[in-house]
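Analysis of the macromolecular model
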Amino acid sequence: MTDHSSRQYGRRALLFGAGSVVAAASLAACAGDSEAAPLPNAVDIGFSRDMAFHHEQALAMCQRVLGADTGGAVQASAAEILQTQSYERGMMHAWLASWGHSTAPPETVMAWMGHAVPAEQMPGLATDEQMAELAAATGLEKGRQFLTLMRAHHVGGVEMADEAQRQASIEDVQSLASRMSATQTFEINQFDYLLANDYA
């Protein structure tokens, strides 16, 4: 790798790291328990269940590209998303368990947003065919597919997070939703830059 390439990789890794470092530093605030914890409403429960399910596909996307020759920017992005969203998914599952609700994948999603749909129609989810194509692709094309699919995935995630931030009753859920929205919006902007330049 040339000095120029090393500098470019370092700059892009820092860009991707910035959003998740902020998120990781603040996610710890969600972990505290309260002796008089408020009861969750339908939004707290629905968001936690649906977003945990949504995160599962993002983690699967990351696993399909990590270690591949996609370019350093995609590797840095996939590693950051895998770490951040694994933590978030675990937190939401812990909440659901503490509230006495199932952590099993839902069959119907987004009822808490007022427009229930089958789980496979959740906004931002890639199709089975797209996931298979991502797994089979190589090189920069694999990186391009990852950025394109993860961008769409994040757009759907931000929509849910913004609604939860407005309607959830539990402060920790509101705070996590706010951080998700900010982090994923930041990453969408980075994906747009990479798709317009390095992966055009």
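Residues numbered from 1 in each chain as written. Predicted model: local features only at pLDDT ≥ 70, side-chain atom pairs only at ≥ 80, totals over all residues. Heavy atoms only, no water.

On to the nonpolar core. Core analysis: the biggest nonpolar cluster contains 27 residues, and Phe47 and Met92 have the highest contact counts within it. At the level of secondary structure, the elements contributing two or more residues to this core comprise helix H2 (42–65), helix H3 (72–98), helix H5 (139–167) and helix H6 (171–196). Top element by residues in this core is H2. It accounts for 6 residues. Sequence-distant contacts of Met92, that is, excluding residues within four places in its chain, are made with Phe47, Ser48, Met51, Ala52, His55, Leu176 and Met180. Of all hydrophobic cores here, the second largest spans 19 residues; its members include Val65, Leu134, Phe146 and Leu149. (Core = buried A, V, L, I, M, F, W, Y, C linked by side-chain atoms within 4.5 Å. Buried < 20%, exposed > 50% of the residue type's maximum accessible area, 1.4 Å probe, protein only. Helix = DSSP H or I, 4+ residues; strand = E, 2+ residues; numbered from the N terminus. Contact = heavy atoms within 4.5 Å.)

Here the focus is the side chain of Gln184. Among the structural elements, Gln184 can be located in helix H6. Accessibility expressed as a relative area gives 5% for Gln184, which makes it buried. What Gln184 contacts, discounting residues up to four positions off in sequence, is His55, Gln85, His154, Gly157 and Val158.

Here we take up the packing of H3 against H6. The geometry of H3 relative to H6 is characterised by a closest axis approach of 12 Å and an angle of 165° between their N-to-C directions. Taken together, the axes of H3 and H6 are roughly antiparallel relative to one another. Considering only the axes of H3 and H6, their crossing is left-handed. Two secondary-structure elements touch here, H3 through Ala73, Ser77, Ile81, Gln85, Glu88, Met91, Met92 and Trp95 and H6 through Asp172, Val173, Leu176, Met180, Gln184, Glu187, Phe191 and Leu194. Among the residues making up the contact of H3 with H6, the classes are represented as 10 nonpolar, 3 polar and 3 charged. (Axes fitted to C-alpha atoms, helices over the stretch in contact; angles between N-to-C directions. Parallel < 35°, antiparallel > 145°, perpendicular 65-115°, else oblique. Left-handed = near helix turned anticlockwise from the far one by under 90°. Nonpolar A, V, L, I, M, F, W, Y, C, P; charged D, E, K, R; others polar.)

Bringing the packing of H5 against H6 into the picture now. Running from amino to carboxyl end, H5 crosses H6 at an angle of 150°, the nearest separation of the two axes being 8 Å. Put simply, H5 runs roughly antiparallel to H6. Relative to H6, the crossing made by H5 is left-handed.

Evaluated as defined, the whole model comprises 5 salt bridges. The closest approach of N and O atoms between Asp192 and Arg151, which form a salt bridge, is 2.5 Å. Remark: Arg151 occurs in helix H5 and Asp192 occurs in helix H6; sequence separation between them is 41 residues. Of the residues examined, Arg151 reaches a relative accessible area of 29% and is grouped as partly exposed. (Salt bridge = Lys/Arg side-chain N within 4 Å of Asp/Glu carboxyl O.)

Another point: unusual backbone geometry. Of note, Met110 is a non-glycine position whose phi angle comes to about 70°, a positive value. By secondary structure assignment, the location of Met110 is in the loop between strand S1 (108–109) and strand S2 (117–118). Judged by relative accessible area, which is 1%, Met110 ranks as buried.

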